[in-house]
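Listed below are the residues making up each chain.
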Amino acid sequence: MDSFLSIHPATLEDAAFFPALERASGELFRQLDDLAWIADDDVMAEAAHRPLILAGTVWVARDAKAGVVGFLSAQRVHRALHVWQMAVHPSHQRRGLGRALLKAAAESARDAGLDVITLTTFLEVPWNEPFYAGLGFTRVPEGALDERLREVLEKEAQAGLPRERRCALRIDPRLLAG
């Protein structure tokens, strides 16, 4: 990660940047014919991030010159930290910011005594499942999905995401934390 980039807990003011960051990072999907429509799909509303920021489960990547260039928005659910969204501006991708944001989340989850970090993502899309697998995340088999993760995947399918292309991943936060 570049020395002029830093990871910090998000502030309420930071939330204003998140929808544009998510849209910009979604442009990558234009490379995939069957998923190109995602680049034009709805993003997580600014207001949805605010309670998560207040709960202390949102982190930002800040560039000394450009400001907020990435974020990870998560929620504590029982003994898990569930990542709802992570986005990095295309101008700052492939610099380790996604990894650094996940590490900050993992350190917080570990310090809070949480057992697992979960998320849902696209199967086999290079910047989705393979990226997370490279960090140590493992796929939760369909038969082992708990009610919460089944419900998340079902709501995503109802929102138009192809269920057959989605999966849930998990990792022990101690494996990612510094």
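Heads up: these notes are all about the structure in this document. Given the structure is predicted, the values throughout are model-derived calculations rather than measurements. (Residues numbered from 1 in each chain as written. Predicted model: local features only at pLDDT ≥ 70, side-chain atom pairs only at ≥ 80, totals over all residues. Heavy atoms only, no water.)

A few words now on the layout of surface pockets. Reported here for the largest pocket is a volume of approximately 1,400 Å³. If you trace the largest pocket, you find 45 residues lining it, with Phe29, Trp84, Gln85, Met86 and Asn128 closest to the centre. Only helix H1 (18-26), strand S4 (80-88), helix H3 (97-111), strand S5 (116-122), helix H4 (129-134) and helix H5 (147-158) provide two or more residues apiece to the lining of the largest pocket. The biggest single contributor to the lining of the largest pocket is S4, with seven residues. The residue inventory of the lining of the largest pocket, partitioned by class, reads 22 nonpolar, eleven polar and twelve charged. (1 Å grid on protein atoms, 1.4 Å probe; cavity = no way out; pocket = protein on both sides within 12 Å on 5 of 7 lines; lining within 4 Å. Points joined across faces, edges and corners; volume = space filled by probe spheres on them. Helix = DSSP H or I, 4+ residues; strand = E, 2+ residues; numbered from the N terminus. Nonpolar A, V, L, I, M, F, W, Y, C, P; charged D, E, K, R; others polar.)

Attention shifts here to the pairing of strand S2 (residues 58-63). Burial analysis of S2 places five of its six residues in the buried class, which makes it a mostly covered element. Pairing analysis gives six bridges linking S2 to strand S3 (residues 67-77), with the strands arranged antiparallel. Bridge pairing links Val58 to Ser73 in S3. Between S2 and the antiparallel strand that follows it, S3, lie three residues. (Buried < 20%, exposed > 50% of the residue type's maximum accessible area, 1.4 Å probe, protein only. Pairing = 2+ DSSP bridges.)

The subject of this paragraph is the environment of Leu54. With respect to the helices and strands, the residue Leu54 is situated in helix H2 (residues 46-54). Along the primary structure Leu54 and Lys103 are separated by 49 residues, whereas in three dimensions their C-alpha atoms are 20 Å apart.

Let us look at the pattern of salt bridges. Under the criterion given, the structure shown has twelve salt bridges. Among the ionic pairs, Arg62 bridges to Asp14, the shortest N-O distance being 3.2 Å. One end of the pair, Arg62, is in strand S2; the other, Asp14, is in the loop between strand S1 (5-9) and H1, with 48 residues separating them in the sequence. The salt bridge involving Glu129 is made with Arg139; its shortest N-O contact spans 2.6 Å. Here Glu129, found in helix H4, pairs with Arg139, found in strand S6 (residues 138-139); they are ten residues apart in sequence, far enough to count as distant. (Salt bridge = Lys/Arg side-chain N within 4 Å of Asp/Glu carboxyl O.)

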